[in-house]
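Tertiary structure, described
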Amino acid sequence: MKKALVIGNGESRKRIGLNLFKRNEWEIYGCNALYREFSPDHLVIIDEQMRTEFEFNSHQAGRAVDEPEGHTFYGMPKHVHFVDDMPEYEPMMSAGCMALQIAMRDYCEIDLIGFDLGSQDGLTNNVYKNSPSYMPEAKPASGYVVDAFNLKAICNRFNEKYPIGLIRRIANDIPFELDKYMKHVKIEEYVSEVFTNNF
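The sections below set out a description of the structure shown in this document. (Residues numbered from 1 in each chain as written. Predicted model: local features only at pLDDT ≥ 70, side-chain atom pairs only at ≥ 80, totals over all residues. Heavy atoms only, no water.)

As for the packing of aromatic side chains
Here is the rule: Stacked, edge-to-face and tilted are the three classes for Phe, Tyr and Trp ring pairs, Trp counted by its six-membered ring, which pair at centre distances within 6.5 Å; planes under 30 degrees apart are stacked, over 60 edge-to-face, the rest tilted. Accessible area is worked out with a 1.4 Å probe on protein chains only. A residue is then buried under 20% of its type maximum, exposed over 50%, and partly exposed in between. By definition here, charges over rings are those cases where NZ of Lys or CZ of Arg is within 6 Å of the ring centre and within 35 degrees of the ring normal.
All chains considered together, the criterion is met by 7 aromatic pairs. Measuring from centroid to centroid gives 5.6 Å for Tyr128 and Tyr134, while their planes differ by 45°, and the two rings are tilted. Summarising the burial analysis for this pair, Tyr128 and Tyr134 share the class buried. Their ring planes at 55° and their centres at 5.2 Å tell us that Phe158 and Tyr162 sit as a pair that is tilted. With respect to burial, Phe158 and Tyr162 carry one shared label: buried. Here a set of aromatic residues connected by ring pairs shows up, and it is made of Phe21, Trp26, Tyr190 and Phe195. For Arg51, the ring lying beneath its charged end belongs to Phe82, and the centroid distance is 3.8 Å.

If you want it as structure tokens, here you go:
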């Protein structure tokens, strides 16, 4: 049975090879600019500037954004979710939190990678920093406290819906405010667990 993988854009995910996930075993949800380098099954876009970029590049690649869902062209995602088709959306909700909620529609086992919730130097922690539609590297980090608050609320809803379900956050730090809401797995342990049988 498939599990869900939700890919955030925190820099820790650079230590996990996205192309090593077996696509027949995972339903993959991603956020915003992920499509630039990897095609998830579902792409969640919150920001209007990012939506404009994606729609332009989709048309350039030959995929009309209004194509029927489930069709993929030139490596573009099969399903694209914008704010206006996400009933779960609430103001101040990040694309990562929204991708998790969309995954919860169908899956009770969900792994999160790239959900870093901060940075050691207090600056922007995003694999796409300094690129179009993203903050510069030197900008002080923001939004992580809100993300942690939203994740707690989402996990509570998840646990009500799936009493024996499991959300795992893959990261080497364990924010104290989240340790009661989800299981945490170190990156090295996760890579060993998930990819051992690939070779």
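Here the narrative resumes, following the displayed structure.
Focus on the pattern of salt bridges
What counts is decided by this rule: Whenever a carboxyl oxygen of Asp or Glu lies within 4 Å of a side-chain nitrogen of Lys or Arg, that contact is scored as a salt bridge. Helix and strand assignments follow DSSP, with helices taken as H or I runs no shorter than four residues and strands as E runs no shorter than two, numbered in order from the N terminus.
In total, this model carries 13 salt bridges according to the counting rule given. With a shortest N-O distance of 3.6 Å, Asp41 and Arg23 are connected by a salt bridge. With a gap of 18 residues between them, Asp41 in the loop between β2 (26-31) and β3 (42-45) and Arg23 in the loop between β1 (3-7) and β2 connect regions that are remote in the sequence. On the basis of relative accessible area, Asp41 is assigned to the buried category, the value being 6%. The network of salt bridges with common partners includes Arg23, Asp41 and Lys78.

Focus on the environment of Phe21
Operational definition: Any two residues having at least one pair of non-hydrogen atoms within 4.5 Å are treated as being in contact.
Tracing the chain through its elements places Phe21 in the loop between β1 and β2. As for Phe21 and Leu5, which are separated by 16 residues in sequence, their C-alpha atoms are 9.2 Å apart. Residues within four places of Phe21 in sequence aside, it is in contact with Leu5, Ile16, Trp26, Ile28, Ile113, Tyr190, Val194 and Phe195.

Here we look at the nonpolar core
Rules: In these notes, a set of buried Ala, Val, Leu, Ile, Met, Phe, Trp, Tyr and Cys residues joined through side-chain atoms within 4.5 Å is what counts as a nonpolar core.
In this structure, Val6, Tyr29, Val44, Leu100, Ile110, Leu112 and Ile167 are the most contacted members of the largest nonpolar core, which totals 29 residues. Of all the elements in the fold, those that place two or more residues in this core are β1, β2, α2 (95-104), β5 (109-113) and α3 (144-161). With 8 residues, the single largest contributor to this core is α2. Leaving out residues up to four positions away in the same chain, Ile167 has contacts with Leu100, Ile110, Leu112, Cys155, Phe158, Met182 and Lys183. The next biggest cluster of nonpolar side chains, apart from the first, holds 27 residues, and it includes Ala33, Ile113, Tyr128 and Ile187.

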